[in-house]
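# Fold and contact review
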Amino acid sequence: MVNSNKQAIFFDLDDTLYDHLVPFREAVREVLTPDESSLDYAELFYIVRHHSDLLWPKYLSGELPLEETRVLRLELAFAEFGLPLNREQASRLQASYIGRQYQIEMIEGVREQLERFIADGHIVGIITNGPAEHQMKKIIGLGVDQLIPPDRIFISDAVGIAKPNPELFAHVNRMTGTAAENSIYIGDTWANDVVGALAAGWKVCWYNPRGRQPATEQEASYIFTDYEEFSKLPIV
């Protein structure tokens, strides 16, 4: 069924529907018990995400196994931050971090927005990078699977295309019978979410709660810092 005149509203998962920093911070506390007087968890996690994005193509190509990719990103990020980890510490930290990601809660206001768009009859879904089983466990942990049907959840490893490749967004349009000009993506990462969706002809809402600066000269359609602000945007 073609829904090309319907508004497609798709959300990123990590750091958009829930705060990735919470399980990360608790895992670091558990494994390393660091001196927090001068530790900026948000900045450290930003560096982890950066190295994850750099390594992910090697995982997708089969050059690096998944677990090696995950542990290596921690080693590289913590070393860059000035807190070098040995392999045993990095492995323990990764295990703790993964376990905590399935016990998460939606960011305040997210559920209300999902329910609002669904009730209004829009095509609402998820587009996320990552391993299919891992991402689905998080989606289930959040209860998003109770709101959004499986055919509107697109996980990069299951599709075989990852953000920021605009073909992933084009694939979503084809599979949902929607049109790029009637599609909007909500995400937190400039390089993956904003750049990728704009390249596919979508509008983009950039969720930027920590005041990051754009990494390119492109412009997001909308910018918001919390979901109360998001609720007032004229996106539909």
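Just above sits the structure.
A brief report on the enclosed structure follows. Since the structure is predicted, the reported quantities are computational estimates derived from the model, not experimental observations. (Residues numbered from 1 in each chain as written. Predicted model: local features only at pLDDT ≥ 70, side-chain atom pairs only at ≥ 80, totals over all residues. Heavy atoms only, no water.)

### As for the overall build of the protein chain
Looking only at helices and strands, the protein chain features 10 helices and 6 strands. Its C-alpha atoms give the protein chain a radius of gyration of 18 Å, near enough to 18 Å, the size a compact globule of 236 residues would have. When each of the 236 residues of the protein chain is scored for burial, the buried share is 50%. Counting only contacts in the protein chain whose residues sit at least 6 apart along the sequence, the fraction spanning at least 24 positions is 66%. Where the 21 positive side-chain charges of the protein chain centre and where its 35 negative ones centre are 3 Å apart. (Helix = DSSP H or I, 4+ residues; strand = E, 2+ residues; numbered from the N terminus. Rg over C-alpha atoms; globule rule 2.2 N^0.38 Å. Buried < 20%, exposed > 50% of the residue type's maximum accessible area, 1.4 Å probe, protein only. Contact = heavy atoms within 4.5 Å. Lys, Arg positive; Asp, Glu negative; His and termini not counted. Charge placed at Lys NZ, Arg CZ, Asp CG, Glu CD.)

### Overview of unusual backbone geometry
With an omega of 15°, the peptide bond running from Lys-163 to Pro-164 counts as cis. If you trace the backbone, Pro-164 turns up in the loop between helix H7 (156-159) and helix H8 (166-176). Despite not being glycine, Thr-33 shows a phi value in the positive range, around 40°. You can see Thr-33 is positioned in the loop between helix H1 (21-32) and helix H2 (41-60).

### Structural notes on the layout of surface pockets
Roughly 1,100 Å³ of internal volume is contained in the largest pocket. When contributions to the lining of the largest pocket are tallied by element, the ones reaching two or more residues are H2, helix H3 (66-81), helix H4 (87-100), helix H6 (132-142), helix H9 (190-199) and strand E5 (203-207). At 12 residues, the largest contribution of residues to the lining of the largest pocket is made by H2. Tallied by class, residues from the lining of the largest pocket come to 21 nonpolar, 13 polar and 14 charged. (1 Å grid on protein atoms, 1.4 Å probe; cavity = no way out; pocket = protein on both sides within 12 Å on 5 of 7 lines; lining within 4 Å. Points joined across faces, edges and corners; volume = space filled by probe spheres on them. Nonpolar A, V, L, I, M, F, W, Y, C, P; charged D, E, K, R; others polar.)

### Thoughts on the pairing of strand E1 (residues 8-11)
Moving residue by residue along a regular strand, the side chains alternate between the two faces of the sheet. The two faces of E1 match: Ala-8 and Phe-10 on one face and Ile-9 and Phe-11 on the other face are all buried. Examined bridge by bridge, E1 and strand E2 (residues 123-128) share 4 bridges and lie parallel to one another. Across the sheet, residue Ala-8 finds its bridge partner in E2, namely Ile-123. As defined by bridge partners, E1 adjoins strand E4 (residues 183-187) across 4 bridges and the pair is classed as parallel. (Pairing = 2+ DSSP bridges.)

### Remarks on the sheet that holds E5
The strand order E3-E2-E1-E4-E5-E6 describes an open sheet built from 6 strands, whose pairing is parallel. The sheet terminates laterally at strand E3 (153-155) and strand E6 (222-224), the two strands that pair on one side only. The average angle at which neighbouring strand axes cross in this sheet is 20°, direction not considered. This element, H6, spans E2 and E3 of the sheet and lies at about 140° to E3. Sitting on the sheet, H9 is in contact with E4 and E5, with an inclination near 165° to E5. (Axes fitted to C-alpha atoms, helices over the stretch in contact; angles between N-to-C directions.)

### Describing the packing of H2 against H3
It is at 8 Å that the axes of H2 and H3 come closest, and there the two elements cross at 140°. Overall, the two elements H2 and H3 adopt an arrangement that is oblique. Where H2 crosses over H3, the two elements pack in a sense that is right-handed. On H3, the residues touching Glu-43, Leu-44, Ile-47, Val-48, His-51, Ser-52, Leu-55, Trp-56 and Tyr-59 of H2 are Leu-66, Thr-69, Leu-72, Arg-73, Leu-74, Leu-76, Ala-77, Phe-78, Glu-80 and Phe-81. Within the contact of H2 with H3, the residues separate by chemical class into 13 nonpolar, 3 polar and 3 charged. (Parallel < 35°, antiparallel > 145°, perpendicular 65-115°, else oblique. Left-handed = near helix turned anticlockwise from the far one by under 90°.)

### Remarks on the side chain of Gln-7
Structurally, Gln-7 is set in the segment before E1. At a separation of 3.2 Å, a polar atom in the side chain of Gln-7 contacts the main-chain carbonyl oxygen of Asn-182. Leave out the neighbours within four places in its chain, and Gln-7 touches His-122, Ile-123, Asn-182, Ser-183, Ile-184, Ile-235 and Val-236. (Polar contact = N/O pair within 3.5 Å; in protein donor to acceptor, adjacent residues only side chain to side chain.)

### Points about the pairing of E5
Counting buried positions over the 5 residues of E5 gives 4, a clear majority of the element. Where E4 lies against E5, 4 bridges are found, and the strand directions are parallel. Residue pairing across strands places Ile-186 opposite Cys-205, the latter belonging to E5. Traced from E4 through H9 to E5, the parallel crossover comes out right-handed. Across 3 bridges, E5 lies against E6 in parallel orientation. Note that in E6 the partner of Cys-205 across the bridge is Tyr-222. (Right-handed = clockwise from strand over helix to strand, strands pointing away.)

Shape descriptors only; they carry no functional weight alone.
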